[in-house]
Amino acid sequence: MPLPGVTSPSFIYACTRFRVRRTTLLPREDYLRLMRMSIPEIVTHLGRREGYAQDITDLIHDFAGAQLIEEAVNRSLARSFRNARAIAPGDLQTLTREYLTRWDIANVMAILRGTVHNIPRQQVHDLLIPAGEIDSALLDRLLSFTTCGEAIEALKDWRLYPVLAESYRVCGEKGVFARIENELYRHYYAGLLDPGRSGCSGCQELNEYLRFEIDITNMRNLLRLHCEIEACDLAAIDQTMIPGGRIPISRFKQLYGIETEGEFVSVFLGTDIVPVLAQAIRDLRRDPEFSSFDAAELVWQRWHQRQRPIHEVEMAVTRSRLHRLESLSRRHPFSVLPVLAYLERKKYEVANLRAIARGKAFGLPTERIWQYIVL
Amino acid sequence: MPVDEIKPTRAGLLLVRRRLALAERIHRLLAMKLDGMMLELVKLTDRTALRRRELEEKYTGARETVAVATMMEGATGVLLAALSVEITPTFTARQKNVFGVCLPDLEPVMVKKTLDQRGYGILGTSSVIDDAANAYEDLLEAIIASAELEGGVKRLLNDIERTRRRVNALELKVIPELTELHRSIEDQRDEMERQDLVRLRRIKKIKAKRAEKP
């Protein structure tokens, strides 16, 4: 075990490897080039690129067009993340493992839903991205079960099994999967915050970053809940809010009940979300005059009209968040931050390629697709 | 009794008169029904055209939202959310009576859902999925409303066609034939009356001549 304050060589080695891996990700110029290409040209381009070539070759007989690109980038994501977990030592591995649990949750929920609704196994299999702890062999075994009780029993060794077993009562009970899924994600965020409390290098900054992400997610979900015609009770807010953020859940509950502009704006201006939101909109609209107050007013307008968040603004906030993570990881080169920065950048590279392929398949204009790209 | 078998007697004349009166009454009623149905059809087609335009707009909107959802969440994310649906949207079919025509009356059941009823977890999805779900729920409602109106228009058109055929048959065949028959029976009866009169006069004359001879 390394002495406190001393960074172990394996830690430095791993961080350097992650920094090197980050440099292999697609640069901005490549995205500009991809934007001008048609789908077959994108397939050819990715087929020549290290990291995607093998996946494109493997899948080219089973899929075509945008579907082929999406399947190939998902596979590449799964492989990259498994490799990342394998090379990360100590605290880095804990963080990586916790971070990748998101994919385990998505896979488990897809299998349980597929089992209950009798969806063809191959269709469910195509939706799985084995990037987490649960490997392909176990996922295939889970797919072979005919009842979700058997599938849950087979997951006894999974870290989130207690949550699954506690929330699951009756197979096929209405709304149970949504409850389980919410509960699993709440535990996922709790698990992700845990390594940040261990006092490792960069953990304090990581914790701040994650807590801010939780705040943003909670605010977005509060807007989604408020869009409903029928008002939900405060217990439902409790179930859908993630604890651990900088903004307490009681503040979100307070916001939910507000229906006057002045009160809403003053409460919202007191949160840490506003400066980041204002900066994101300034970047998006190229309007240096856009103030925090304008951002609060914009959110109020959406809130008052019971509308969901604007997707372009959501993407702009994500860009701003990632930019912050990048600068933190540069400031703390031998910490958990470069690992998280690489994982996030890889996730968004895959999302970008998918967005370009899908946008082109739907015939959307290039400018529109560009709004959904996170660089 | 077929028209051809009606004899030029008083009973035949009464029968034809009754049939003619009945045919004229039916013709008047059917013509009124036809006018009513035409007015209803005009109203219904206006509403159907409006609904159809709305449906096309909603379809374009839904395609756009699902394109954005597929871009942001991937086809995988959209399909995973779609797999979560626990209550299948459907409709109840009843019928409403308009001028004796049974028009469909469709009521959507569990098409518009709340966030809870959709079955996916709020923490595992983003607002683009809500937008896509909302857009497709609206589209499904518009399809049901449009199907109800278009079904009504089709049935109304069928019935208008049938009624028009009946009105035309009455107007151009049944009533003229009965009128003609009525006239011919009256003519024949007049002729027979005149023949009887002539015969009676003749007999009277013969009788008078016989009486003059000793």
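So, how was this worked out
- Residues numbered from 1 in each chain as written.
- Chains lettered and ligands numbered in written order.
- Predicted model: local features only at pLDDT ≥ 70, side-chain atom pairs only at ≥ 80, totals over all residues.
- Contact = placed C-beta atoms within 7 Å.
- Helix = DSSP H or I, 4+ residues; strand = E, 2+ residues; numbered from the N terminus.
- Pairing = 2+ DSSP bridges.
- Core = buried A, V, L, I, M, F, W, Y, C linked by C-beta atoms within 7 Å.
- Buried ≥ 20, exposed ≤ 12 C-beta atoms within 10 Å, placed from the backbone.
- Expected span 1.5 Å × (residues − 1).

A. Spotlight on the interface of chain B and chain A. Taken together, the 26 residues of chain B in the interface contact 38 residues of chain A. Listing elements by their share of the side of chain B that touches chain A, those giving two or more residues are helix H1 (10-83) and helix H2 (127-212) of chain B. At 11 residues, H1(B) tops the list of elements feeding residues into the side of chain B that touches chain A.

B. Representation of the pairing of strand E2 (residues 101-109) of chain B within the structure. Residues and elements named next belong to chain B. As paired strands, strand E1 (residues 90-98) and E2 are joined by nine bridges and run antiparallel to one another. Its bridge partner being in E2, Thr92 is matched across the sheet by Glu107. In textbook terms, the turn of a hairpin is the stretch between consecutive antiparallel strands, and for E1 and E2 this stretch comprises two residues, one of which, Phe99, has a positive phi near 55°.

C. Here's a closer look at the nonpolar core. If you look at the biggest cluster of nonpolar residues, it comprises 118 residues, and the most contacted ones within it are A:Ile69, A:Ala110, A:Val339, A:Leu340 and B:Ala132. Broken down by element, the residue count for this core peaks at 12 residues, all from helix H19 (residues 337-361) of chain A. Non-local contacts of A:Ile69, meaning those with residues more than four positions away in its chain, are made with A:Ile42, A:Val43, A:Leu46, A:Leu353 and A:Ala357. Core analysis: the next-biggest nonpolar cluster, separate from the first, contains five residues, B:Val16, B:Val174, B:Leu178 and B:Leu181 among them.

D. Here's a closer look at H19(A). Residues and elements named next belong to chain A. Taking 1.5 Å per residue, 25 residues should reach 36 Å; H19 reaches 36 Å between its end C-alpha atoms and fits that length. Along H19, 22 of the 25 residues are buried, which leaves the element largely enclosed by surrounding structure. Directly beyond the C-terminal end of H19, a positive phi value near 75° is found at Gly363.

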